[in-house]
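Chain by chain, the residues run as shown.
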Amino acid sequence: MTEMSKEEIARFIMQGTFTGKLATVRNDGSSHVVPIWFVLDNNENSKRRSKIGILIFTTYSTSVKAINIRQNNRVSICIDDQVPPFTFVTIFGTAKTYPYNQKEVLKWATKIAERYMGKKNAKAYGRRNSDEGAVLVKINPTKIIAEKDIARWD
């Protein structure tokens, strides 16, 4: 196992179509884990070169994850690959939901859709995922654990 640099972390978590497995805390204290599509806010990342930028995803205000975040903003997200020698990044942080703003949600939903569905389908998926009731969620990292080459022999 080898620790990753901040640049390697940012590159890895934005690689291809890796999903994040988002863990939130339910009202009863139990966990709720779901896969999400996300992107890094490049503006935040470039302003704070010593840190990984803000992670952004969209969801609906009535989703379990949005409700959980409003009740308890502590979250963690794990991004991993499925190919030896295996790499993972786990980010602990605080999340905040932002009220519906069609222009802002459309902007980010389209960026996210481009990552996961390609440039050709980005606008259609962006529109689909920015209806009334959609909210932006921003995760501010507070701690990161990142290891690469977990199964390497040497």
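Shown above is the structure to which this text applies.
The structure displayed is predicted, hence computed values, not measured ones. (Residues numbered from 1 in each chain as written. Predicted model: local features only at pLDDT ≥ 70, side-chain atom pairs only at ≥ 80, totals over all residues. Heavy atoms only, no water.)

K.L.:
Would you take a moment to explain the pattern of salt bridges for this structure?
P.N.:
Pairing between side chains becomes possible if they bear opposite charge and their charged atoms approach one another. Using the criterion set out here, one finds four salt bridges in the structure. Among the ionic pairs, K148 bridges to E8, the shortest N-O distance being 2.4 Å. Here K148, found in strand β8 (residues 134–148), pairs with E8, found in helix α1 (residues 6–13); they are 140 residues apart in sequence, far enough to count as distant. Across the salt bridge formed by K21 and D80, the nearest N and O atoms sit 3.6 Å from each other. Residue K21 is located in strand β2 (residues 20–25), and its partner D80 is located in strand β6 (residues 74–80); the two are separated by 59 residues in the primary sequence. Classification of K21 by relative accessible area gives partly exposed; the value is 32%. (Salt bridge = Lys/Arg side-chain N within 4 Å of Asp/Glu carboxyl O. Helix = DSSP H or I, 4+ residues; strand = E, 2+ residues; numbered from the N terminus. Buried < 20%, exposed > 50% of the residue type's maximum accessible area, 1.4 Å probe, protein only.)

K.L.:
Even after reading the chapter, I still don't get the nonpolar core, so can you show me in this structure?
P.N.:
If you look at soluble globular proteins, the nonpolar side chains tend to sit buried side by side. Core analysis: the biggest nonpolar cluster contains 34 residues, and I13, F38, F57, I77, I79 and V89 have the highest contact counts within it. Looking at this core, the elements that each hand over two or more residues are α1, β3 (31–36), β4 (39–40), β5 (55–60), β6, β7 (88–98), α4 (102–117) and β8. When residues in this core are grouped by element, the largest group, six residues, is from β8. Setting aside chain neighbours within four positions, we find I77 in contact with G20, K21, L22, I36, F38, L55, V89, T90 and I91. (Core = buried A, V, L, I, M, F, W, Y, C linked by side-chain atoms within 4.5 Å. Contact = heavy atoms within 4.5 Å.)

K.L.:
For this particular structure, what's the right way to read the pairing of β6?
P.N.:
For a regular strand, side chains alternate in direction, first toward one face of the sheet and then toward the other. Where β2 and β6 come together, three bridges link them in antiparallel fashion. Residue pairing across strands places L22 opposite I77, the latter belonging to β6. By the bridge criterion, seven bridges tie β6 to β7 in an arrangement that is antiparallel. Residue pairing for β7: I77 is matched across the bridge by I91. (Pairing = 2+ DSSP bridges.)

K.L.:
Just checking my understanding: could you explain the packing of α4 against helix α5 (residues 119–128) for this structure?
P.N.:
Two packed helices can be described by the angle between their axes and the distance between those axes. Relative orientation of the contacting elements α4 and α5 amounts to 140 degrees, with a least axis distance of 7 Å. Between α4 and α5, the interaxial angle falls into the category oblique. As α4 packs across α5, the resulting crossing turns out to be right-handed. Note on element contacts: α5 touches α4 through K119, N121, A122, K123, Y125, G126 and R127, opposite L106, A109, T110, A113, E114 and M117. Grouping the amino acids of the contact of α4 with α5 by side-chain chemistry returns six nonpolar, three polar and four charged. (Axes fitted to C-alpha atoms, helices over the stretch in contact; angles between N-to-C directions. Parallel < 35°, antiparallel > 145°, perpendicular 65-115°, else oblique. Left-handed = near helix turned anticlockwise from the far one by under 90°. Nonpolar A, V, L, I, M, F, W, Y, C, P; charged D, E, K, R; others polar.)

K.L.:
In this structure, what is going on with the packing of aromatic side chains? I would like to understand it.
P.N.:
Two numbers describe a pair of aromatic rings. These are the distance of the centres and the angle of the planes. The tally for this structure, following the rule as stated, stands at three aromatic pairs. Note on F12 and F18: the rings are 5.0 Å apart at their centroids and 50 degrees apart in plane angle, and the pair reads as tilted. Judged by relative accessible area, F12 falls into the buried class, the value being 7%. Geometrically, the ring pair formed by W37 and Y116 is stacked, given 5.0 Å between the ring centres and 5 degrees between the ring planes. Here the residue W37 occupies a position in the loop between β3 and β4, and Y116 occupies one in helix α4, the gap between them amounting to 79 residues. By relative accessible area, which is 10% here, Y116 ends up buried. Here the aromatic cluster, defined as three or more aromatic residues joined through ring pairs, consists of W37, Y116 and Y125. (Phe/Tyr/Trp six-rings, centres within 6.5 Å; stacked < 30°, edge-to-face > 60°.)

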